Structures are given as C-alpha cells and as structure tokens.
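# Architecture and fold: a report
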Amino acid sequence: MIKFAHRGASGYAPENTLGSIKKAVMMGAKAFEIDVQLTRDNEVVVYHDYSLGRVFAGEGNIKDNYLKELRFLPIKNNFSEEFSSEVFPVLKEVLEIIPKESILNIELKAIDSEKREIEDYILKNIESFPKENILFSSFNHEILKRISEKDKELKIGLLFEELPDNLEEYINESKIKPYSINPSAKFLTEEKVKDIKKLGYKTFVYTVNDVESFEKLKKYEVDGIFTDYLDRF
Ligand code: G3P
Ligand code: MG
C-alpha cells in the first residue's frame with residue numbers, strides 16, 4: 001500500500017513547507033501530497049488554506065497577495081526551532097527536494113469563482129519533475145477536466161468527500177478518465193472500494209492517522225492512504 005506523506009511530514013513539521021517535505025524524505029517517504037494554488041501574480045505556491053493565518057501569519061487570501069508579500073510572512077511554528085525560519089514555499093523549490101522517483105500528488109486548490117486558467121500555470125511549473133510520477137487531484141473536477149484536456153497522459157485523481165451513489169455514471173458524465181478515486185476515509189465503505197476496483201481505478205484514501213482506520217482500510221485492500229504520521233503504520 002502506498003503511504004503518501006500528507007502535506008509532507010505534517011505531523012512533525014509545519015505542513016506544506018520545505019521543512020515538512022525534507023522531514024518526510026528523511027523518514028523514508030516514497031510518495032508525497034502537496035496542495036497548490038495561485039498568488040495574485042500567478043505564481044504557484046504550496047499552501048492548503050485559501051486564507052492566511054493558520055500556517056503563515058497574515059490576513060486575507062493567497063490569491064490576493066503577491067508572492068513578494070507572502071515571502072515576508074513569518075511562519076506560525078508549533079513544532080521545533082528547526083522550522084522557525086521557513087518561508088512561504090513555491091512549487092518549483094518543493095519539486096527540487098522531492099526525489100524524482102517518488103510518486104507526487106499535486107492537489108489543485110481553486111475557489112469556484114477563480115477565473116484564471118490555473119492549470120496552465122501549474123503545467124509551466126512542473127517541468128523539472130517526471131510527469132509520469134505525478135498525480136493531479138482536486139475537489140474541483142472542472143479544473144481536472146481542463147488539465148487532462150491539455151495533456152491526455154496526465155494521471156488524474158478525483159477527490160471526493162463522499163462518493164456519489166452512482167460513481168460510474170458520475171465519471172462518464174465528467175468526461176474525465178481518472179487514474180484514481182481519492183475519497184475521504186470518513187464515509188468510505190468496503191462496498192465502495194469494491195465498486196472502485198471493479199471500475200478499474202486505484203483507491204487512495206485521506207486522511208488516515210490512526211492505526212484502527214489504517215487496519216480497516218488495509219483489509220479493504222485500498223491502494224494507498226494519505227497520512228500526517230508516516231511512522232505510525
Ligand atoms: O488529497 C488528500 C487530501 O489532502 C484532501 O483534502 O483538505 O487535506 O487537502 P485536504
Ligand atoms: Mg490536500
């Protein structure tokens with residue numbers, strides 16, 4: 001089973017930072033998940049929330065800030081001194097420290113009102129990483145459709161909170177050919193995993209941080225999980 005370092009080793013370092021990625025590499029991670037979005041000046045940054053304040057200090061939305069402004073923000077570090085000088089990370093520098101043979105899940109974050117073609121900026125920024133090792137995912141399936149139209153070879157993971165009742169019909173209507181289905185562990189049943197397998201897709205489940213859930217999902221024979229604590233299982 002693949003264990004994705006969710007936002008890096010986010011149980012041990014501030015999530016989605018270079019420190020978090022380096023920590024995951026040191027812990028032996030073979031697969032990584034990061035969240036990306038666009039700044040006001042169309043730079044691709046690695047950050048989960050749409051707004052500032054939780055991981056980096058500040059106010060307002062990422063999309064309304066220039067990269068130069070974000071780079072000055074101090075980290076709100078709840079971990080060790082080791083991470084006190086982390087700066088707001090851009091995708092390109094994160095890609096430099098992830099070993100090229102790793103599996104990399106890039107989750108595209110974009111609010112529904114986003115008018116920019118975020119996929120174009122993302123594609124321009126991933127050239128240094130082997131494309132066949134990247135899985136693009138998003139809760140925004142419209143963006144996934146657009147990015148897969150730009151390049152049919154890209155691997156796509158459809159993110160869901162709760163899976164639709166008729167997954168096959170949903171996928172057919174979406175016009176996306178996914179590589180994986182990425183559901184939340186919260187609502188996932190063994191039946192649903194069987195359905196996904198029957199349709200021929202991988203199942204990658206988020207976010208799994210306790211042993212009991214891990215053991216259950218292992219029994220369901222899911223293909224991968226996202227975890228903040230790589231060393232727990
Ligand atoms: O991709 C798995 C997981 O990261 C999705 O949810 O909110 O943690 O980005 P979130
Ligand atoms: Mg994510």
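Let me begin by describing the structure that accompanies this report.

Rules used throughout
- Residues numbered from 1 in each chain as written.
- Chains lettered and ligands numbered in written order.
- Predicted model: local features only at pLDDT ≥ 70, side-chain atom pairs only at ≥ 80, totals over all residues.
- Heavy atoms only, no water.
- Helix = DSSP H or I, 4+ residues; strand = E, 2+ residues; numbered from the N terminus.
- Rg over C-alpha atoms; globule rule 2.2 N^0.38 Å.
- Buried < 20%, exposed > 50% of the residue type's maximum accessible area, 1.4 Å probe, protein only.
- Areas by Shrake-Rupley, 256 points an atom, 1.4 Å probe, with all protein chains shown as cover.
- Lys, Arg positive; Asp, Glu negative; His and termini not counted.
- Charge placed at Lys NZ, Arg CZ, Asp CG, Glu CD.
- Donors = N, O, S within 2.8 Å, 3.2 Å for Na, K, Ca; no water.
- 1 Å grid on protein atoms, 1.4 Å probe; cavity = no way out; pocket = protein on both sides within 12 Å on 5 of 7 lines; lining within 4 Å.
- Points joined across faces, edges and corners; volume = space filled by probe spheres on them.
- Nonpolar A, V, L, I, M, F, W, Y, C, P; charged D, E, K, R; others polar.
- Polar contact = N/O pair within 3.5 Å; in protein donor to acceptor, adjacent residues only side chain to side chain.
- Contact = heavy atoms within 4.5 Å.
- Pairing = 2+ DSSP bridges.
- Right-handed = clockwise from strand over helix to strand, strands pointing away.
- Near = heavy atom within 4 Å.
- Phe/Tyr/Trp six-rings, centres within 6.5 Å; stacked < 30°, edge-to-face > 60°.
- Salt bridge = Lys/Arg side-chain N within 4 Å of Asp/Glu carboxyl O.

### A closer look at the overall build of the chain
Helix and strand counts for the chain stand at 8 helices and 9 strands. Expected size for 233 residues packed as a compact globule is a radius of gyration near 17 Å; at 17 Å, the chain falls within 12% of this value. Counting every position in the chain, which comprises 233 residues, the buried fraction comes to 52%. With the model as given, the accessible surface of the chain reaches about 11400 Å², and the carbon-plus-sulfur share is 48%. Considering the chain, the positive charge centre built from 35 side chains and the negative charge centre built from 43 side chains are found 2 Å apart.

### A short note on the coordination of the magnesium ion (ligand 2)
Ideal coordination angles are 109.5 degrees for a metal with four donors arranged tetrahedrally and 90 or 180 degrees for a metal with six donors arranged octahedrally. Here the magnesium ion (ligand 2) is held by Glu-33 (OE), Asp-35 (OD) and Glu-107 (OE), and the distances to it run 2.0 to 2.2 Å. Motif for the magnesium ion (ligand 2), donor spacing along one chain: E-x1-D-x71-E. Of this pair, Glu-33 sits in strand β2 (residues 31-38) while Glu-107 sits in strand β4 (residues 103-108), placing them 74 residues apart in sequence. Just as Glu-33 is buried, Glu-107 falls in that class too.

### Notes on the layout of surface pockets
Each pocket or cavity is described by its volume, and for the largest pocket that value is around 260 Å³. If you go around the largest pocket, the residues you meet are Lys-145, Ser-148, Glu-149, Lys-152, Leu-154, Ile-156, Ile-171, Asn-172, Lys-175, Ile-176 and Lys-177. Every element with two or more residues in the lining of the largest pocket is listed here: α5 (141-150) and α6 (167-174). It is α5 that provides the largest number of residues to the lining of the largest pocket, a total of 3 residues. For the lining of the largest pocket, the per-class residue count stands at 4 nonpolar, 2 polar and 5 charged.

### A word on the side chain of Asp-49
Mapped onto the elements of the fold, Asp-49 is located in the loop between β3 (44-46) and α2 (67-70). Separated by 2.7 Å, the side chains of Asp-49 and His-48 make a polar contact. Only 2.7 Å separates the side chain of Asp-49 from the side chain of Arg-54, close enough to count as a polar contact. Other than its neighbours up to four places away in sequence, Asp-49 contacts Gln-37, Arg-54 and Ile-62.

### Some remarks on the pairing of strand β6 (residues 155-160)
Counting buried positions over the 6 residues of β6 gives 5, a clear majority of the element. Sheet topology places strand β5 (residues 134-138) next to β6; 4 bridges connect them, and they run parallel. What sits directly across from Leu-135, in β6, is Lys-155. A crossover links β5 with its parallel partner β6, the connecting element being α5, and its sense is right-handed. Pairing geometry for β6 and strand β7 (residues 180-183), over 4 bridges, is parallel. Within β7, the residue paired with Gly-157 across the bridge is Ser-180.

### Some thoughts on the site of ligand 1
Around ligand 1, the neighbouring residues are His-6, Arg-7, Glu-33, Asp-35, His-48, Glu-107, Lys-109, Phe-139, Leu-159 and Tyr-206. Within the side chain of Arg-7, a nitrogen or oxygen atom sits 2.7 Å from an oxygen atom of ligand 1. Within the side chain of His-48, an N or O atom sits 2.7 Å from an oxygen atom of ligand 1. Protein contact buries 91% of the 290 Å² of open area that ligand 1 shows by itself.

### Some remarks on the packing of aromatic side chains
Here the structure, examined in full by the defined rule, presents 9 aromatic pairs. Look at Phe-139 and Tyr-206: their rings are 6.0 Å apart centre to centre, the planes differ by 80°, and that puts the pair in the edge-to-face class. In this pair, Phe-139 sits in the loop between β5 and α5 while Tyr-206 sits in the loop between β8 (202-205) and α8 (211-219), placing the two residues 67 residues apart along the sequence. Note on Tyr-206: relative accessible area 14%, which makes it buried. Put simply, the rings of Phe-4, Phe-204 and Phe-226 pair up and form one aromatic cluster.

### A closer look at the pattern of salt bridges
Taken as a whole, this structure holds 15 salt bridges when the rule is applied. Salt-bridge contacts for Lys-150 lead to Glu-117; the nearest nitrogen and oxygen are separated by 3.4 Å. Here Lys-150 is found in helix α5, whereas its partner Glu-117 is found in the loop between β4 and α4 (118-125), with 33 residues between them in sequence. Under the relative-accessibility criterion, Lys-150 is labelled partly exposed at 42%. In the salt-bridge network here, residues are joined through shared partners; they are Arg-7, Glu-15, Asp-35, Asp-49, Arg-54, Glu-107 and Lys-109.

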